[in-house]
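# Residue-level structural notes
Here is what each chain is made of, one letter per residue.
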Number of protein chains: 2
Amino acid sequence: MTKTISVNLGKRSYQIIIGNKITTSLAKHIKKLGLGNDAIIITNPRVKKIAGPQLISALKKSNISCVFQTVPDSEKSKSQGIAFRLIDKISRYARLKQPFIIALGGGVVGDLAGFVASVYKRGIPYIQLPTTLLAQIDSSIGGKVGIDLTCGKNLVGAFYQPRLVFSDISFLQTLPKNEIRCGLAEAIKYGLIKDKALFEYLEKNYQKALGLDENCLEYIINKCVLIKAKIVGQDEKETKSIRTILNFGHTIGHAIEAAGGFKAYSHGQAVGLGMLAAAEISSSLGLLYNPEKTLDRIKNLLRNIGLPVKIKGLNLEKIIKAHTFDKKFIQGRNRFVLMKQIGQTLIKQNIPSGLITSAVRKLV
Amino acid sequence: MTKTISVNLGKRSYQIIIGNKITTSLAKHIKKLGLGNDAIIITNPRVKKIAGPQLISALKKSNISCVFQTVPDSEKSKSQGIAFRLIDKISRYARLKQPFIIALGGGVVGDLAGFVASVYKRGIPYIQLPTTLLAQIDSSIGGKVGIDLTCGKNLVGAFYQPRLVFSDISFLQTLPKNEIRCGLAEAIKYGLIKDKALFEYLEKNYQKALGLDENCLEYIINKCVLIKAKIVGQDEKETKSIRTILNFGHTIGHAIEAAGGFKAYSHGQAVGLGMLAAAEISSSLGLLYNPEKTLDRIKNLLRNIGLPVKIKGLNLEKIIKAHTFDKKFIQGRNRFVLMKQIGQTLIKQNIPSGLITSAVRKLV
């Protein structure tokens, strides 16, 4: 069954369509939105091979032409060099066409393609076709697009909403198991920040999810997307401290990614560790209800899913230094999303650096 | 006397403040807007030398710290390389500060600094302190920011409004005469598209303007800014064919700039020639009222001001090819702003390329 969830942002509103084997109906939506007949599909070679053929056939039937631009399947693709190489190719193509962009892939492709769409000619339309669990429940929604600098993630970007998010769950069947694990890390985040029942569902059903049970995945995706769509509708540009809670686990998470050169830990793995760090900080500040048990539950769920609960092979100081480059580190002051209990957060500024260090040290 | 003109864009509204020797009052406005206490001033070495000292002293009195980042005084500074070099410097500075950006200079600095502000951390505040006539009457207003690709101008950018435009007319007293000429080219544009009386004023008073008569310059700036502010308020993102008319002369103008490698002709000179080309096309299509006399009036005014009315040393084919990379060249179709009479325009698509070529040929 196909579900439609709306992100309500006035003129910039759009729909998130979620369903199993729905790619055949994509062209209909593109036509309805009036995006034109010339798609530039930004993807990586693996996804192109798996999802490319059915996408091409779905678009061709409706006379939508498409060209592929592939980028390496790595966080390193979110770079200035690759973004401008894509822009250059698009500008040549655009002399005779009025293209729109399809981001086909995971978070890297979505962030990169969205950024390219946001700056080329001051913005051309793009749609998100997320093919990973992480992208389907999180990164494809909300218009945060960007690329990385060597000193930190997503430091160059925009708030630029897609015209459509189209999540075909069947793509998840071919996903490497590690990618499912990373997606589940973000699903745990949604549980921890907003939905205790979802967290408990994950505790009970993580094996089904790892086994790619379609109903289970669909349930998780719908739950997470509903939370994200609502939050984005309330605080598109993160100016009201509402959207901020989606960064739970991401402050230290991004630092772990950066300290590992975006190779040692994937985004999902790093966010898992970052959530543990945030929970540890919450506990040391006496903010966390039933801290020992809560920390255990989070750790157990991460461990059961196959996500790391210890940071290995990274320098502690490097992690601490990396977090000072984060977008959430402002004017020498940090800002953390912390936990009261499962399903409830609060935001705190100016956490003493000693506290952060000792929280991270507990994970080393 | 200080004039304040508003750009009305809801939450993104801002004021344009125009006056003589008003820099001393800048800090007051920055404080009122709550932009913080740490300014990064992006400028070029010449402007830094002339305007830097009084700016520093005006800011320091109000405890606003400032650091300068200079870029070469050339269209070539609107490049990927320079933009990312600035972003890198800002990201290092921003670890301990929450900076806002001041664009101090002409159109190049304004476009570049605005672009950097628009993408760094998905957007930080910036203000425009235009120091050239062209920037004071045109480019500092309206939030069109961007950098160039080798194949065309402003192909990468955003609509990102400044928080304030602050035009101190006294800066124009130190401006090279050629820069005044280029500014007057854009002033002629405002006359041609919207304000016959302004065009006639320029015909009568161009010598005063070239002689840097303050009252005359202030009159011209106020007139142009009023037109631009109103148009931007009606059609911020150029989606309603209202803002489009500001591109009068810019389609061929940009092509002349690009064909000359952004060295042979300055923006103002190229726009002057582009307006002549657009008037020629309007005349060939039988759209222009009293074509011979109107063309003569435009040519005479450009000539009197000291702007070129002939294209020299450029390859005709190169100009024609360059215009197909323009943002206004969509899906193989061009779009031109043409003239009915002085003060009145219309937009036409699909102008036959033969007609464009012969219009440009008349200028060679």
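Below, the discussion takes up the overall build of chain A. Summing up its helical and strand segments, chain A has 13 helices and eleven strands in all. Its C-alpha radius of gyration of 20 Å places chain A within 12% of the 21 Å reference for a compact globule of 364 residues. With respect to the principal axes defined by its C-alpha atoms, chain A has extents near 60 × 40 × 40 Å. Expressed as a percentage of its 364 residues, the buried residues of chain A come to 63%. When the 54 basic and 25 acidic side-chain charges of chain A are each reduced to a single mean position, those positions are 4 Å apart.

Turning our attention to the layout of surface pockets. Roughly 320 Å³ of internal volume is contained in the second largest pocket. Around the second largest pocket sit 13 residues that line it, and Lys-78, Ser-79, Asp-148, Leu-149 and Thr-150 of chain B are the ones nearest its centre. Broken down by secondary-structure element, the contributors of at least two residues to the lining of the second largest pocket are helix H3 (80-93) of chain A together with strand E7 (144-149) of chain B.

Let's shift gears to the pairing of strand E9 (residues 164-168) of chain B. Within E9 of chain B, five of the five residues are buried, which leaves the element mostly enclosed by the surrounding structure. Of the two faces of E9 of chain B, the one holding Leu-164, Phe-166 and Asp-168 of chain B and the one holding Val-165 and Ser-167 of chain B are both buried throughout.

Secondary-structure assignment places Lys-144 of chain A in strand E7 (residues 144-149). Engagement of the side chain of Lys-144 of chain A in a polar contact is seen with the side chain of Glu-238 of chain A, the distance being 2.5 Å.

As a further point, take the interface of chain A and chain B. Taken together, the contact between chain A and chain B spans 37 residues of the former and 37 residues of the latter. For the pair chain A and chain B, the two sides together bury roughly 3500 Å², of which 56% comes from carbon and sulfur. The largest per-residue losses of area from chain A upon contact with chain B belong to Phe-84, Arg-95 and Arg-122 of chain A, which jointly make up 25% of the total buried on that side. Where chain A meets chain B, there are zero salt bridges. Between chain A and chain B we count eight residue pairs in polar contact (both at pLDDT 80 or more) in total. Looking at the side of chain A that touches chain B, the elements with two or more residues in it are H3, helix H4 (107-119), E7 and strand E8 (152-159) of chain A. Residue contributions to the side of chain A that touches chain B peak at six residues, all from E8 of chain A. Taken together, the residues of the side of chain A that touches chain B break down into 18 nonpolar, nine polar and ten charged.

Before going further, it helps to examine the relation of the copies chain A and chain B. Each copy of the sequence occupies a distinct position, and chain A is placed on chain B by a rotation of 180° and an axial shift of 0.0 Å, giving an RMSD of 0.0 Å. Here the transformation between the copies is reduced to the relation of a two-fold axis. Both copies share a contact surface, since 100% of the interface residues of chain A are interface residues in chain B too.

On to the pairing of strand E11 (residues 344-349) of chain B, then. Residue and element names in this part refer to chain B. One ladder, built from six bridges, connects strand E10 (residues 335-341) with E11; its direction is antiparallel. When the sheet's bridge partners are listed, Gln-341 is paired in E11 with Gln-344. The loop that links E10 with its antiparallel partner E11 comprises two residues; one of these, Gly-343, has a positive phi angle of about 100°.

Turning next to unusual backbone geometry. Non-glycine residue Glu-238 of chain A carries a positive phi angle of around 55°. Note on placement: Glu-238 of chain A falls in the loop between helix H8 (214-234) and helix H9 (250-259).

Here the focus is the packing of aromatic side chains. Residues and elements named next belong to chain B. Tallied over the full model, the rule gives five aromatic pairs over all chains. Summarising the aromatic geometry, the rings of Tyr-126 and Tyr-160 are spaced 5.7 Å apart at their centres and angled 10° between planes, so their arrangement reads as stacked. Placement of Tyr-126 in strand E6 (residues 126-130) and of Tyr-160 in the loop between strand E8 (152-159) and E9 is noted, with a sequence separation of 34 residues between them. What makes Tyr-126 buried here is its relative accessible area of 1%. An angle of 35° between the planes, with centres 4.1 Å apart, marks the rings of Tyr-201 and Tyr-219 as tilted.

Let's shift gears to helix H4 (residues 107-119) of chain B. All names here are of chain B. For H4, spanning 13 residues, the distance from its first C-alpha to its last is 18 Å, which sits close to the expected 18 Å at 1.5 Å a residue. Counting buried positions along H4 gives 13 out of 13 residues, so the element sits mostly inside the fold. Just past H4, the residue Lys-121 takes up positive phi, approximately 50°.

Chain-level pLDDT for chain A is 94 on average; 98% of the residues reach the 70-or-more range. Scored by ipTM, the complex comes to 0.91, with pTM at 0.93.

Right, let's talk about the packing of helix H6 (residues 177-194) of chain A against helix H10 (residues 267-284) of chain A for a bit. All names here are of chain A. Look at H6 against H10: their axes get within 7 Å of each other, and the N-to-C directions meet at 35°. Regarding H6 and H10, the two cross each other, and that crossing is left-handed. Judged by residue contacts, Cys-182, Ala-185, Glu-186, Ile-188, Lys-189 and Leu-192 of H6 engage His-267, Gly-268, Gln-269, Val-271, Gly-272 and Met-275 from H10. For the contact of H6 with H10, a count of residues per class yields six nonpolar, four polar and two charged.

Attention now goes to the pattern of salt bridges. Counting across every chain of the model gives 30 salt bridges over all chains. Note that Lys-362 of chain B is salt-bridged to Glu-280 of chain B, the shortest N-O span being 3.5 Å. Of this pair, Lys-362 of chain B sits in the segment after helix H13 (353-361) while Glu-280 of chain B sits in helix H10 (residues 267-284); the two residues are 82 residues apart in sequence, bridging distant segments of the chain. The class of Lys-362 of chain B is partly exposed, set by a relative accessible area of 49%. Among the ionic contacts, a cluster of salt bridges with common partners joins Glu-75, Lys-78, Asp-111, Asp-148, Lys-153 and Glu-257 of chain A.

Let us look at the packing of H6 of chain A against helix H7 (residues 196-210) of chain A. Residues and elements named next belong to chain A. Running from N to C, H6 and H7 point in directions that differ by 165°, and their axes come no closer than 8 Å. Our classification of the angle between H6 and H7 gives roughly antiparallel. Seen from above, H6 lies across H7 with left-handed handedness. Residues Lys-177, Ile-180, Arg-181, Leu-184, Ala-187, Ile-188, Tyr-190, Gly-191, Leu-192 and Lys-194 of H6 pack against Lys-196, Leu-198, Phe-199, Leu-202, Ala-209 and Leu-210 of H7. Taken together, the residues of the contact of H6 with H7 break down into eleven nonpolar, one polar and four charged.

Among all positions in H13 of chain B, only Leu-355, Ile-356, Thr-357, Ala-359 and Val-360 of chain B are buried. Packing partners of the buried residues in H13 of chain B comprise helix H9 (250-259), H10, helix H12 (316-323) and E10 of chain B.

Glancing now at the state of the cysteines. Each disulfide consists of a covalent bond between the sulfur atoms of two cysteine residues. The final tally for this structure, using the stated rule, is zero disulfides over all chains. Distance from the sulfur of Cys-224 of chain A, which forms no disulfide, to the nearest cysteine sulfur (Cys-216 of chain A) is 11 Å. With relative accessibility at 0%, the residue Cys-224 of chain A sits in the buried group. Of the cysteine sulfurs around Cys-182 of chain B, a residue in no disulfide, the closest is that of Cys-224 of chain B, at 14 Å.

Turning next to the environment of Val-145 of chain B. The topology assignment puts Val-145 of chain B in strand E7. Note on Val-145 of chain B: relative accessible area 1%, which makes it buried. In this structure the C-alpha to C-alpha distance between Val-145 of chain B and Phe-115 of chain B, which are 30 residues apart in sequence, comes to 5.0 Å. Sequence-distant contacts of Val-145 of chain B, defined by excluding residues within four places in its chain, comprise Arg-122 of chain A together with Gly-110, Asp-111, Gly-114, Phe-115, Ser-118, Tyr-126, Val-156, Gly-157, Ala-158 and Tyr-160 of chain B.

This brings us to the environment of Leu-59 of chain B. Residue and element names in this part refer to chain B. For Leu-59, the position within the fold is in helix H2 (residues 45-60). Assessed through its relative accessible area of 0%, Leu-59 is described here as buried. Not counting the four nearest positions on each side in its chain, Leu-59 is found in contact with Leu-26, Ala-27, Ile-30, Ala-39, Ile-41, Ile-64, Cys-66 and Ile-102.

Reading the values: rules and limits
- Residues numbered from 1 in each chain as written.
- Chains lettered and ligands numbered in written order.
- Predicted model: local features only at pLDDT ≥ 70, side-chain atom pairs only at ≥ 80, totals over all residues.
- Heavy atoms only, no water.
- Helix = DSSP H or I, 4+ residues; strand = E, 2+ residues; numbered from the N terminus.
- Rg over C-alpha atoms; globule rule 2.2 N^0.38 Å.
- Buried < 20%, exposed > 50% of the residue type's maximum accessible area, 1.4 Å probe, protein only.
- Lys, Arg positive; Asp, Glu negative; His and termini not counted.
- Charge placed at Lys NZ, Arg CZ, Asp CG, Glu CD.
- 1 Å grid on protein atoms, 1.4 Å probe; cavity = no way out; pocket = protein on both sides within 12 Å on 5 of 7 lines; lining within 4 Å.
- Points joined across faces, edges and corners; volume = space filled by probe spheres on them.
- Polar contact = N/O pair within 3.5 Å; in protein donor to acceptor, adjacent residues only side chain to side chain.
- Contact = heavy atoms within 4.5 Å.
- Buried area = accessible area lost by both parts, 1.4 Å probe.
- Salt bridge = Lys/Arg side-chain N within 4 Å of Asp/Glu carboxyl O.
- Nonpolar A, V, L, I, M, F, W, Y, C, P; charged D, E, K, R; others polar.
- Least-squares fit on C-alpha atoms with pLDDT ≥ 70 in both.
- Pairing = 2+ DSSP bridges.
- Phe/Tyr/Trp six-rings, centres within 6.5 Å; stacked < 30°, edge-to-face > 60°.
- Expected span 1.5 Å × (residues − 1).
- pLDDT = per-residue confidence, 0-100.
- Axes fitted to C-alpha atoms, helices over the stretch in contact; angles between N-to-C directions.
- Left-handed = near helix turned anticlockwise from the far one by under 90°.
- Parallel < 35°, antiparallel > 145°, perpendicular 65-115°, else oblique.
- Disulfide = S-S within 2.5 Å.

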